[in-house]
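What follows is the residue order along each chain.
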Amino acid sequence: MTLASAWQARANWNWNLFAELASSSVRRTLRMTSGLILFTYIGAHLTNHALGLISLGAAERGMQIAVEVWYSAPGTLLLYGAAGTHFLLALWSVYERRTFRLPPLELLRIALGFSLPIILIGHAAETRLAYEMFGLSSDYTRVVANLWAADRQGLQLGLLAPGWLHGCLGLNFAFKRRPLFRQLRFVLFAIALLLPVFSALGFVTMGRELSTNPVAAAAAQEYLSPGHAEQRTAIARWRDTLLVGYFSIIGLTFGARSIRNLLERCRRRLISISYPGQTVSVPRGWSVLEASRAFHIAHASMCGGRARCSTCRVRVTAGEDVCPSAGADERGTLDRIGAPADVRLACQLRPRGDISVIPLVRTERPVYRATVPQRRSGEREVVVLFCDFLNRVELARDHLPQDLLYVITLYVEALGNAIRAARGTLSYVELDSVCALFGLECDVTEGAKQALQAAGTIERAISDLNERLGRQWDCKMKIAVSIHAGSAAIGEIGSSDPPAMMAIGEAVDVANELRKAAVVHDMAIAISEPVYKAAAVVPSCDKNITVRGRDMLIGVCLSASMTALIPPVLVASRSPIPKILRKLRA
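About the cut-offs
- For every chain, the first residue of the written sequence is number 1, and numbering continues from 1 onward in sequence order.
- Local features in a predicted model are, by the rule used here, given only for residues with pLDDT of at least 70; side-chain atom pairs are given and counted only at 80 or more, and totals for whole chains, interfaces and linings are based on all residues.
- Water and hydrogen atoms were dropped before computing side-chain values, which therefore reflect all heavy atoms in the structure.
- We define the nonpolar core as a collection of buried residues of types Ala, Val, Leu, Ile, Met, Phe, Trp, Tyr and Cys that are connected through side-chain atoms lying within 4.5 Å of one another.
- Between buried and exposed lies partly exposed: a residue is buried under 20% and exposed over 50% of the maximum accessible area for its type, with that area taken using a 1.4 Å probe on protein chains only.
- For helices the rule is a DSSP run of H or I covering at least 4 residues; for strands it is a run of E covering at least 2, with both sets numbered from the N terminus onward.
- Between any two strands, at least two bridges found by DSSP are needed for them to pair.
- Two aromatic rings, drawn from Phe, Tyr or Trp (for Trp, its six-membered ring), form a pair once their centres lie within 6.5 Å of each other, and the interplanar angle then sorts them: stacked below 30 degrees, edge-to-face above 60, tilted otherwise.
- A ring is scored as having a charge over it whenever the NZ atom of a lysine or the CZ atom of an arginine sits within 6 Å of its centre and within 35 degrees of its normal.
- Patch membership needs two things, relative accessible area over 30% and no salt bridge, and members are linked within 9 Å if like-charged or within 5 Å if nonpolar (Val, Leu, Ile, Met, Phe, Trp, Tyr).
- Throughout, the Shrake-Rupley method with a 1.4 Å probe supplies accessible areas, and for residues the shown protein chains are the sole cover considered.
- When a carboxyl oxygen of Asp or Glu is within 4 Å of a side-chain nitrogen of Lys or Arg, the pair counts as a salt bridge.
- A score from 0 to 100, pLDDT tells how confident the predictor is in each residue.
- By definition, residues are in contact when any of their heavy atoms lie within 4.5 Å.
- Between N-to-C directions, angles cover 0 to 180 degrees, with each direction set by a line fitted to C-alpha atoms, over the stretch in contact for helices.

1. Thoughts on the nonpolar core
Of all hydrophobic cores here, the largest spans 41 residues; its most connected members are Tyr411, Phe438, Ile458, Val481 and Ile483. Going through the elements one at a time, strand S7 (378-389), helix H16 (401-421), strand S9 (433-438), helix H17 (444-472), strand S10 (479-493), strand S12 (525-528) and helix H19 (529-535) are the ones with two or more residues in this core. Top contributing element to this core by residue count: H17, with nine residues. With 25 residues, the next largest nonpolar core counts Ile273, Val314, Leu345 and Leu349 among its residues.

Here it is as structure tokens:
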């Protein structure tokens, strides 16, 4: 191998290494790891403050452990290495971001994140630099007494809160879709809320105790005396210098981002992205999701553009040749949902030329303005109703296809009217089943009552239809209604107007088990125990069974008639019988 080829091979190896380190998955791992280290540091600090509620001695013992950990060589390298890594990745993220039209919580998280270095700089100057330069101890007796004597206790408490809130929001965005996180979310919320409160109370308790302690008060006054002015000035100079450098780096990053955006907006670098009914022009390098947000185009994105949830996916209808291939993160998510070749994630797709796309999961509003009305898209408690046409195949053998089509038309229209009358949402219609969702515009209690009301209306509508069919064609429809309340991910699917509302999750899975049970036991109604609990009614069942849910067995009430199952007052609907059925009666 020649010297030139060896040099080229080494250069290629270095470039591949840099490309690997620059990949989004590696950066996400580094950001999460460094963020967890900083979050642990802040959490330990808050916990130490909270120990002041027990006694100053308990807080001092906790501080001694913290000093041994963080002041050691490994602790120092870990803490300041994590701070530097997290800060650099945050600057990188800001520079790469094309638009700051984001959901409010995302903007809040970013803003709070830039307060974290301020905390570390101030803390390092008052404790670590004071210890290294002048041998001043980092115990609570000195630090808290000095802050209390100088009336700076409020500043100390205020600086810890943004960093803690930034970490809590980051963990929520990263893990909110994990099953364990969802199960523990109330416990975690309580910890996130109460730990800063206890920390503040502990800090105030220690400050009041030290302010009445003559030894601590004298030491604080002695430190604040002119004799230590040089030390205080040196510490303040270091702190101010570091803060000026920090804000200068932030300013340079935003300045470089503005220059980059200005260069990208040159006419020769603009590309067109066509949505159904709208075409926008954006600089080359923007993602499709960034284009949607910049031009206020409604585009769902539950994970905030991290290639995790797949809700921002689009179908590329033109310009596939100018779309770069999917990265590892995007490919993993697309493979997980079994997406076809023309489907891409809008948060990862950065086209190099003009393309046309159709968002596959619709939302009614731009996601960065989604806090005004109640959301329909997202993960929530919902009531799912299935109505299955059980004997369609038998009727098809005995009647002409045109006659059966007429029967199905009457059946679907009757069900649709019953569901809409109970304020439900028709999810989808198949040849043998109809699915409806309740509780999208209200809580699950009202949704359960609406679903039970719809079931009663459906039963009466099918009875009227069977009476009509029995007189003319000597046939009757056989149906089974299954209702379950549980958690599901809700989203608007497709580009039609209005788009279809779909549900995926535990609620639908258990409802499918109810459908099977109704068929096996030859019952017309199958309603789960969570529905009755939510609606606050006591059913009268023909048969009680259980089906397996995700984490437990769920009780199911089976009955041959809806009116015999629950109180008639709940089944009775004020809504009129569908017009088409009234015509049939006549």
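2. Details of the pairing of strand S1 (residues 270-275)
As a general feature of sheets, a regular strand has side chains that alternate between the two faces. Of the two faces of S1, only one is covered, namely that formed by Ile271, Ile273 and Tyr275; the face formed by Leu270, Ser272 and Ser274 stays uncovered. Taken together, the six bridges between S1 and strand S2 (residues 278-283) define a ladder with antiparallel strand orientation. Bridging across to S2, Ile271 finds its partner in Val282. Pairing of S1 with strand S5 (residues 355-359), which is carried by two bridges, proceeds in the parallel orientation. In the strand pairing of S5, Ser274 is matched with Ser356.

3. A closer look at the pairing of S12
On S12, burial covers both faces: Ile525 and Ile527 on one face and Ala526 and Ser528 on the other are all buried. Where S10 meets S12, three bridges bridge the pair, whose relative direction is parallel. Across the sheet, Val481 pairs through a bridge with Ile525, a residue of S12. As paired elements, S12 and strand S14 (residues 553-559) share four bridges and run antiparallel to each other.

4. Structural notes on the packing of aromatic side chains
According to the stated counting rule, one finds six aromatic pairs in the structure shown. With 5.2 Å between their ring centres and 45° between their planes, Phe87 and Tyr246 make a pair best called tilted. With Phe87 in helix H4 (residues 73-96) and Tyr246 in helix H12 (residues 229-264), this pair connects stretches of sequence that are 159 residues apart. Given the relative accessible area of 4%, Tyr246 is considered buried. Each member of the aromatic cluster is reached from another via a ring pair, and the members are Phe87, Tyr246 and Phe247. Positioned above the aromatic ring of Phe386, the side-chain terminus of Arg515 is 4.1 Å from the ring centre.

5. Things to note about a nonpolar patch on the surface
A cluster of nonpolar side chains, namely Leu53, Phe189, Leu193, Leu194, Val197, Phe198 and Leu201, defines an oily patch on the protein surface of about 640 Å² accessible area. Within the secondary structure layout, Leu201 lies in helix H10 (residues 185-211).

6. A few points about the confidence of the model for the protein chain
Interpretation of the predicted coordinates at a detailed level should be avoided for regions scoring low in pLDDT. Looking at the protein chain as a whole, its pLDDT mean stands at 77, while 75% of the residues score no less than 70. Overall, residues 11-22 carries pLDDT values under 50, and its contacts beyond four positions in sequence, including any with other chains, amount to five contacts. Below pLDDT 50 for its whole length, residues 364-375 participates in 32 contacts with residues either more than four positions away or in separate chains.

7. A look at the pattern of salt bridges
The final tally for this structure, using the stated rule, is nine salt bridges. Where Asp432 meets Arg392, a salt bridge forms, and the shortest distance between an N and an O atom there is 2.4 Å. A residue pair is termed long-range when its members are at least 10 positions apart, and Asp432 in the loop between strand S8 (425-429) and S9 and Arg392 in helix H15 (residues 392-398) qualify at 40 residues. Take Asp432: its relative accessible area is 31%, and that puts it in the partly exposed class. Of the charged contacts, one joins Glu513 and Lys516 as a salt bridge, the two residues approaching to 3.6 Å between their closest N and O atoms.

8. Some details on the environment of Thr445
By the element assignment, Thr445 lies in helix H17. Judged by relative accessible area, Thr445 falls into the partly exposed class, the value being 32%. The sequence separation of Thr445 and Val382 amounts to 63 residues, and the corresponding C-alpha distance is 9.6 Å. If we ignore the near neighbours within four places in the chain, the residues touching Thr445 are Ala534 and Ala535.

9. Description of the sheet that holds S5
Strand order across the open sheet formed by five strands is S2-S1-S5-S3-S4, with mixed pairing between neighbours. The sheet is open, and its two borders are formed by S2 and strand S4 (343-345), each paired with just one other strand. Each neighbouring strand pair of the sheet contributes to a mean axis angle of 40°, computed without reference to strand direction. Pairing analysis gives four bridges linking strand S3 (residues 313-318) to S5, with the strands arranged antiparallel. Paired with Val314 across the strands is Pro359, a residue of S5.

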